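# Summary of structural features
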Amino acid sequence: MLFFQVTVQLGWVKNWRKGDVKAAFLQGRDRDVDKNGRLYLRPPKDRPLTGVPFGCLLEVIKSVYGLPDAPQAWWEEITGYLKKCGFQSCRLDPAFLIHYDPDGSLGVIIVLHVDDIMIANDGSKTTEKIVAQIHDKYPFGEWTHVHKVKSITYTGRTARVHGDEILVDQEAFIKGRMSELPKKKSRLRSVDDPCTEEERADFESGVGDVHWVTSQTRVDHAVDTSRLQKRQNKPTHRDYVDLGKIIDEVKSTADFALRIRPINNPVIAAWTDSALY
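Per chain, residues are indexed from 1 in the order of the written sequence. In keeping with the model being predicted, local features are shown solely for residues with a pLDDT of at least 70 and side-chain atom pairs are shown and tallied solely at 80 or more, while totals for entire chains, interfaces and linings include all residues. With hydrogens and water stripped out, all remaining heavy atoms of the structure feed into the side-chain values.

## Looking at the overall build of the protein
- By the criteria applied, helices consist of DSSP H or I runs no shorter than four residues and strands consist of E runs no shorter than two, each listed in order from the N terminus. In terms of helices and strands, the protein carries eight helices and 12 strands.
- Between the two quantities, the radius of gyration covers C-alpha atoms and the globule rule is 2.2 Å times the number of residues to the power 0.38. Against the globule reference of 19 Å for 277 residues, the protein gives a C-alpha radius of gyration of 24 Å, more extended than a compact globule.
- Reported as C-alpha extents along the three principal axes, the dimensions of the protein are approximately 70 × 60 × 45 Å.
- To sort residues, take the accessible area from a 1.4 Å probe on protein chains only and compare it with the maximum for the residue type: under 20% means buried, over 50% means exposed, and anything in between is partly exposed. In the protein, buried positions account for 37% of the 277 residues.
- Contact criterion: two residues are considered in contact whenever any of their non-hydrogen atoms come within 4.5 Å of each other. Across the protein, the fraction of contacts at a sequence separation of at least 24, relative to all contacts at a separation of at least 6, is 67%.
- Counting only carbon and sulfur atoms, one obtains 53% of the accessible surface of the protein, whose full area is about 17,300 Å². Working definition of accessibility: Shrake-Rupley area with a 1.4 Å probe, residue cover restricted to the visible protein chains.

Structure (structure tokens):
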């Protein structure tokens, strides 16, 4: 959300791109053999590899997908390169990186999520050159100017440009992956009856779905999520029915979108819960 807000605040929506790096983990740094030891694999028998004689082994040089150190190796590679280009990690979020112009103003911003990258800049020749360097450094599959397409998907959210605003929703997730709770015939059942094991499993799954959307876009149900999360250990029939109604309401308004728009005289405020300390 910080990336979206800065992009609209500075009027950079037409210089906003979204890309994904192909085979990102293979672009990461080489495996640390001294620390993790050497790793070998056998070529598939039914798909011989050109230039590899039968019976030979292949040594794994890169941290390929599936190895526990692969995400870290890619993270160190991409952030290391960006910092060489003059980027700094934001103190609020290390995955949000900033490049300042010589006069101290913002020139480029980047947000990273594994192999997905969003980048926006002020449109100057200097910052366009920086963006081009990043694009040429890695093999990108997708590289999209967001204002030229209907929408993009990033970390389970759909975002699109609307004038000088950005609209963000989770309609695809809500309609496609959020399941309704099975309806139970319960006229004679007390609202205080504990949920069955099957109901409890459905309840926990449903609370997880609601938590995901409320943490991203559906802030209108954040209080409901917090309340029902506290009931997961011993949910009652009342809790089950309550959650079902909330899910039904979220699904019926799945196209609800957050409007990220420029703010006049923005002020940054923060609060903490003393119970955390």
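## What about the pairing of strand 7 (residues 116-121)?
- For strand 7, the buried fraction is high: six of the six residues fall into the buried class.
- Burial of strand 7 is two-sided: the residues D116, M118 and A120 facing one way and the residues I117, I119 and N121 facing the other way are all buried.
- Here, any two strands with at least 2 DSSP bridges between them count as paired. Alignment of strand 1 (residues 16-21) against strand 7, held across five bridges, turns out to be antiparallel. Within strand 7, the position partnered with D20 by the bridge is D116.
- When strand 6 (residues 106-113) meets strand 7, the two strands line up antiparallel, connected through six bridges.

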